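So the chains spell out like this:
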Amino acid sequence: MQSGVFFASVLSTLKKRYFWISLLFWLVMVAPAQAALILRVAVQDGANQVKVGSSTKAAIRDGSGRNLGELSANSSQSAQFRSGKVAMGRWAANQVWIEPTGNGYVWIGDRWYRGRTLLVPQKGGLTAVNYVDIEQYLYSVLGAEMNGNWPLEALKAQAVAARSYAIHQRLKSQTDLYDVDNTQSSQVYKGLQTESSGTYAAVDATAGQVLAYNGQIILAAFHSASGGHTENVEDVWTEPLPYLRAVPDFDQGAPVYQWKETFSRAQISSKISGVGNVISMKPERTTAYGSVLRMKVVGDGGSRVMTGADLRRVLNLRSTRFTVIPQYGGGGNARNSGQAPIGFQVAGKGFGHAVGMSQWGAYNLARQGYGYQQILLHYYRGATLARIAVQ
């Protein structure tokens, strides 16, 4: 079957299967004495010093809530790690809160954030944690993870996925200090810098909505583009999850749908240790959709088997879905003559781990008129839309 006919068939199935999805069930989350769900985001971790401030007058308190002083509006100070405490100006305490008055913003490091700031000594430095309403957190995440000018239905799909992911991480957090950080290892979060009218509209339109499976909020993983087909989660990570199944993607035309990188033999040999000068790179195991799981690298000083994830990291590739093509000099018979390659071309597809929702797939589906519910329930198989109720 031609690919265009195939994808048209899948799109038709999408439309038929999910046209009715509009009802939400409730998931109750216990958050005592809070009218909103507050997320704790590590903005800086183990820093020698952290510059903090406030757009309005702000109270400075210690960990017990005792008032230490105040910051004037639009001013900042440097907090430092000193003798196991947080030192800021003439104040020192085991923990320090910066709490703006009114609807003020906090300054952490090099940008503005909503909410308030907790400074804690940790790892021989300071960790700055932004306490922020999860909906306001998402205003920023959407603009950092997906362009705020993208179609509204794609942004709404991203909002639900990002909200689900953040709450899932909050429930699974292995530290008492914060729930998520502000990098790609959690979700990219840049404060007010990445907020826009598009992100406000998408977050507000889906307020409180999450994805659930068997009554539990799911690990709503997402990525930029898969290169035509997403992966089963156990082929990329370890634990099989029933809602993270490989499905056709709709990311054709994305700027990262296909890509190429070229390395000289010296360049690639310097990045892959333990084999000397690289002679060949051959996959030993791939997924059904072409992502490299293990590859044997042979050099003039030995050989080793590397995972696709390790190769992606050391070669700084966009994904693990790639093939390696040796490049030879001296004409077409050079390969058969046993001559070593002069370089390697890496031809790949997609950007990211290829698990869960494809952002470029969501973009294309939204442009074709599909709603965020249809988009989400295509990429997260068997999941259900739910709404959280904070008590």
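Residues numbered from 1 in each chain as written. Predicted model: local features only at pLDDT ≥ 70, side-chain atom pairs only at ≥ 80, totals over all residues. Heavy atoms only, no water.

Novice: Would you explain the overall build of the protein chain in this entry?
Specialist: When helices and strands are counted, the protein chain shows eight helices and 25 strands. Within the span of the protein chain, comprising 391 residues, buried residues form 51% of the whole. Taking as baseline every contact in the protein chain between residues at least 6 positions apart, the subset at least 24 positions apart corresponds to 68%. (Helix = DSSP H or I, 4+ residues; strand = E, 2+ residues; numbered from the N terminus. Buried < 20%, exposed > 50% of the residue type's maximum accessible area, 1.4 Å probe, protein only. Contact = heavy atoms within 4.5 Å.)

Novice: Can you help me understand unusual backbone geometry in this one?
Specialist: Note on backbone geometry: most residues besides glycine have negative phi, and most peptide bonds are trans. We note that asparagine 214 has phi near 50°; this positive angle belongs to a residue other than glycine. The topology assignment puts asparagine 214 in the loop between strand 15 (209-213) and strand 16 (216-217). In this structure, asparagine 316 is a non-glycine residue whose phi angle is positive, near 55°. In this fold, asparagine 316 is placed in the loop between helix 6 (308-315) and strand 22 (322-327).

Novice: Please explain the layout of surface pockets as it appears in this structure.
Specialist: Leftover empty space is mapped by rolling, across the atoms, a probe with the size of a water molecule. In this structure, the largest pocket spans a volume of roughly 970 Å³. As for the largest pocket, its lining consists of 33 residues, and the residues nearest its centre are Gln184, Ser185, Ser186, Phe222 and His353. Counting only elements with at least two residues in the lining of the largest pocket, the list comes to helix 2 (134-145), helix 3 (152-172), strand 17 (222-223) and helix 7 (359-367). Ranked by residues supplied to the lining of the largest pocket, first place goes to helix 3 with four residues. Counted by class, the lining of the largest pocket contains 14 nonpolar, 15 polar and four charged residues. As a volume, the second largest pocket reaches approximately 340 Å³. What lines the second largest pocket is a set of 17 residues, among which Val236, Val292, Gly308, Ala309 and Thr320 lie closest to the centre. Among the elements of the structure, strand 20 (292-299) and helix 6 are those that each provide at least two residues to the lining of the second largest pocket. Take the lining of the second largest pocket: its biggest share by element is five residues, from helix 6. Here the residues of the lining of the second largest pocket sort into six nonpolar, five polar and six charged. (1 Å grid on protein atoms, 1.4 Å probe; cavity = no way out; pocket = protein on both sides within 12 Å on 5 of 7 lines; lining within 4 Å. Points joined across faces, edges and corners; volume = space filled by probe spheres on them. Nonpolar A, V, L, I, M, F, W, Y, C, P; charged D, E, K, R; others polar.)

Novice: What am I meant to see in the nonpolar core here?
Specialist: Taken as a class, soluble globular proteins show a tendency for nonpolar side chains to be buried jointly. With 84 residues, the main nonpolar core has Leu119, Tyr137, Leu211, Met357, Ile375, Leu376 and Tyr380 as its most contacted residues. Among the elements that take part in this core, helix 3 stands out by supplying ten residues, more than any other. Not counting residues up to four positions away in its chain, the partners in contact with leucine 376 are Ala157, Val160, Ala161, Leu211, Met357 and Leu385. Membership of the second largest hydrophobic core comes to 18 residues, among which are Phe263, Ile272, Val275 and Met295. (Core = buried A, V, L, I, M, F, W, Y, C linked by side-chain atoms within 4.5 Å.)

Novice: Would you mind showing me how to read the sheet that holds strand 20 here?
Specialist: Strands belonging to one sheet form pairs held by backbone hydrogen bonds; the direction of such a pair is parallel or antiparallel. Judged by pairing direction, the sheet is antiparallel, and its three strands sit side by side in the order 19-20-21 without closing on themselves. Every interior strand has two partners, whereas the edge strands, strand 19 (278-286) and strand 21 (302-307), have only one. The average undirected angle you get between the axes of adjacent strands in this sheet is 20°. The sheet contact formed by strand 20 and strand 21 spans six bridges and is antiparallel. Note that in strand 21 the partner of lysine 296 across the bridge is valine 305. On top of the sheet, helix 6 reaches strand 19, strand 20 and strand 21; it is set at about 100° to strand 21, its chief contact. (Pairing = 2+ DSSP bridges. Axes fitted to C-alpha atoms, helices over the stretch in contact; angles between N-to-C directions.)

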